[in-house]
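Each chain, written out:
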Amino acid sequence: MKHLLILGGGTAGTMMANKLAPVLNAREWQVTIVDNTEEHYYQPGFLFVPFGGYRLQDIVKPRRQYLPAGVKLVVSSIDHIEADKNKVVLGDQSILPYDYLIIATGADIHPEQTEGLVDDEWGKTKFDFYTPRGAELLAQFLKGWQGGKLVVNPIEMPIKCPVAPLEFLFLADAYFTERGIRDKVELNLVTPLSGAFTKPKASQILGDLLGRKRINVTPDFGLARVDSKEKKLVGWDDTEVGYDLLVSVPTNMGDPCIGRSGLGDELNYVATDKQTLLAKGLENVFVIGDATNLPSSKAGSVVHFQSEILFENFLEHIDKRPMPARFDGHTNCFIESGFGKGLLIDFNYETEPLPGEFPLPGVGPFSLLQESSMNHYGKLMFRWVYWNVLLRGLELPIGSAMSMAGKRV
Amino acid sequence: MATVTILGKELAVDADGNLANLSDWNEDIAREMAAQDGIPNLTSQHWAILNYMRKVFEKEGSAPSIRRLTKESGVDTKTLYQLFPKGPAKRAAKIAGLPKPVGCI
Ligand SMILES: Cc1cc2nc3c(=O)[nH]c(=O)nc-3n(C[C@H](O)[C@H](O)[C@H](O)COP(=O)(O)OP(=O)(O)OC[C@H]3O[C@@H](n4cnc5c(N)ncnc54)[C@H](O)[C@@H]3O)c2cc1C
């Protein structure tokens with residue numbers, strides 16, 4: 001019997017289990033997946049929780065329900081990987097051997113990495129919306145908030161879904177407008193980037209949109225510490241930004257088990273081959289999703305494109321044939337912009353997000369880098385697509401390789 | 001592809017305005033780019049960072065993040081911000097003739 005071990009049963013781990021289990025001969029292969037919780041959260045839904053758009057129960061499902069028959073789910077924490085011995089040590093020190101390993105342990109926030117962020121005020125005047133608990137506490141707080149200076153601050157790149165801080169601000173603008181207190185709220189983005197987004201064209205277009213919605217941007221801000229008493233952010237160059245309400249996107253890092261395994265970089269991400277998705281220097285370990293160190297966005301759509309590449313490569317690699325598929329960094333993100341509208345960006349390692357139509361030139365139905373209600377419906381539909389298409393490992397009518405069709409250079 | 005003129009030479013740059021060709025770079029060009037970017041004087045501390053970044057890039061194909069700079073160059077974050085104000089990793093990468101660090105994506 002050969003063992004395929006998948007670490008992490010989130011977006012990527014679940015997708016790979018659903019793709020591989022049906023095609024691997026059950027008499028030859030045992031597929032096992034390890035995760036420390038029973039609940040699978042639809043993370044893009046966290047964005048809507050603070051504004052009452054979703055409640056937590058709307059965006060969580062039992063992990064098991066999305067795994068195919070025959071795949072064994074082990075609910076346990078992972079302590080570390082011993083790659084030279086082809087085994088994984090669990091939290092209770094029990095051992096799972098493997099022939100092939102897929103690392104899909106994702107990324108999570110680490111507020112403790114920033115001085116002064118986690119203290120008595122964490123969850124009172126300072127919040128995150130990247131965890132179920134954080135999003136829920138923020139929802140409770142916002143309901144009673146009568147206005148003041150709201151600062152959204154991604155601390156350090158890369159973060160999961162790099163447009164989420166912008167979407168949060170767009171939705172906040174709509175939320176406070178609908179509550180009739182928009183004039184009492186000052187909305188601010190304080191970012192380490194030089195503009196609204198990482199890539200030039202999108203940065204300019206999204207920057208204009210922020211301006212039109214009266215959202216102030218403080219670029220190039222490197223946060224050194226948070227002073228909760230004085231309610232201010234202090235930069236490494238001693239510049240200060242005050243707040244009444246801080247919505248932080250703390251440093252995102254790969255799981256500590258990666259660091260303990262000696263496989264992580266300075267943020268516990270695994271060095272991964274950009275094209276094949278094999279872990280660098282390891283012949284029987286693949287990496288997918290937020291756990292990789294790849295220069296592509298950390299997003300569910302990216303996981304989907306990667307899963308097709310990994311699937312093809314895995315099946316050839318186990319038979320010692322050359323790996324045929326090459327990941328091109330394809331990313332596709334809906335950006336919620338408030339008032340029933342949204343934008344869409346589509347890009348890869350080489351090509352930055354450009355305006356145009358998607359997926360069909362001149363037809364759409366989605367518009368790239370331009371607000372439309374169709375894009376908003378795309379975003380809302382994404383929750384259904386996530387549970388019913390993506391996790392199941394089914395195909396979308398969008399190729400894993402990015403297409404230039406419909407894009408205007 | 002866009003170009004910039006530095007010391008009378010026309011050099012290709014990428015979408016971020018960083019040099020497109022590693023081989024176009026030399027120390028005089030670095031000094032000139034730094035001066036244009038508001039850093040009139042490159043000290044030995046600046047050079048230590050720039051050389052370290054080029055070394056990492058040669059080996060790994062991407063410029064290091066600020067977190068890695070702090071961890072491995074022996075210079076703390078505060079000092080990095082004094083040397084290259086506003087965004088040490090991306091500014092140092094630019095002056096070192098490298099593309100923007102991937103962490104910035
Ligand atoms: C607020 C927010 C908004 C987002 N919006 C979007 C969006 O609009 N569109 C989009 O495409 N993407 C979005 N994303 C990103 C998307 O959710 C992630 O990129 C995706 O879930 C990554 O999948 P993954 O499998 O790599 O990681 P995850 O789905 O996070 O799975 C990792 C799994 O590993 C398990 N694990 C990790 N370490 C251990 C351990 N030591 N022991 C046991 N188990 C462990 C975890 O429990 C988890 O279940 C958003 C994310 C957030 C936070």
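Thresholds applied
Residues numbered from 1 in each chain as written. Chains lettered and ligands numbered in written order. Predicted model: local features only at pLDDT ≥ 70, side-chain atom pairs only at ≥ 80, totals over all residues. Heavy atoms only, no water. Pairing = 2+ DSSP bridges. Helix = DSSP H or I, 4+ residues; strand = E, 2+ residues; numbered from the N terminus. Axes fitted to C-alpha atoms, helices over the stretch in contact; angles between N-to-C directions. Contact = heavy atoms within 4.5 Å. pLDDT = per-residue confidence, 0-100. Core = buried A, V, L, I, M, F, W, Y, C linked by side-chain atoms within 4.5 Å. Buried < 20%, exposed > 50% of the residue type's maximum accessible area, 1.4 Å probe, protein only. Parallel < 35°, antiparallel > 145°, perpendicular 65-115°, else oblique. Nonpolar A, V, L, I, M, F, W, Y, C, P; charged D, E, K, R; others polar. Buried area = accessible area lost by both parts, 1.4 Å probe. Salt bridge = Lys/Arg side-chain N within 4 Å of Asp/Glu carboxyl O. Polar contact = N/O pair within 3.5 Å; in protein donor to acceptor, adjacent residues only side chain to side chain.

**Q** Pulling in residues and values, what's your account of the sheet that holds strand β1 (residues 2-7) of chain A?
**A** Residues and elements named next belong to chain A. One open sheet accounts for 5 strands, arranged β5-β2-β1-β9-β20; its pairing is parallel. The open sheet terminates on both sides in strands that have one partner only, identified here as β5 (72-75) and β20 (285-287). The sheet shows a mean angle of 20 degrees between the axes of neighbouring strands, taken without regard to direction. One ladder, built from 3 bridges, connects strand β9 (residues 100-103) with β20; its direction is parallel. The residue bridging Leu101 from the neighbouring strand is Val285, located in β20. Against the sheet, helix α1 (residues 11-20) touches β1, β2 (29-35) and β9, its axis set at about 150 degrees to β1. Together, β1, β2, β9 and β20 form the strand contacts of helix α6 (residues 300-317), whose direction differs from that of β20 by roughly 175 degrees.

**Q** Give me the confidence of the model for chain B: which residues, what numbers.
**A** With 97% of its residues at a pLDDT of 70 or more, chain B has an overall mean of 91. Two summary scores accompany this predicted model of the complex, namely pTM at 0.96 and ipTM at 0.89.

**Q** Could you give an account of the nonpolar core, with specific residues and numbers?
**A** All names here are of chain A. Of all hydrophobic cores here, the largest spans 96 residues; its most connected members are Leu4, Ile102, Phe129, Leu150, Phe168, Phe176 and Phe314. With 9 residues, helix α3 (residues 164-178) is the largest single contributor of residues to this core. What Ile102 contacts, discounting residues up to four positions off in sequence, is Leu4, Leu5, Ile6, Leu7, Met16, Leu20, Phe286, Ile288 and Leu310.

**Q** Before we move on, can you summarise the packing of helix α2 (residues 44-60) of chain B against helix α5 (residues 88-95) of chain B with the specific residues and values?
**A** All names here are of chain B. The contact between α2 and α5 brings their axes to 9 Å, and the two run at 80 degrees. Relative to α5, the element α2 lies roughly perpendicular. Between α2 and α5, the contacting residues are Ile49, Leu50 and Met53 on the first element and Ala89, Ala92, Ala93 and Ile95 on the second. For the contact of α2 with α5, a count of residues per class yields 7 nonpolar, no polar and no charged.

**Q** I'd like to hear about the interface of chain B and chain A, residue by residue, with values.
**A** In this assembly, 16 residues from chain B lie in contact with 20 residues from chain A. Of the roughly 1800 Å² buried at the junction of chain B and chain A (both faces included), carbon and sulfur atoms supply 53%. Where chain B packs against chain A, one counts 3 salt bridges. With its nearest N and O atoms 3.2 Å apart, the salt bridge here joins Lys90 of chain B to Asp220 of chain A. For the pair chain B and chain A, the interface holds 8 residue pairs in polar contact (both at pLDDT 80 or more). Listed by contribution, the elements that provide at least two residues to the side of chain B that touches chain A are α3 (66-73) and α4 (77-83) of chain B. The residue makeup of the side of chain B that touches chain A, split by class, is 5 nonpolar, 3 polar and 8 charged.

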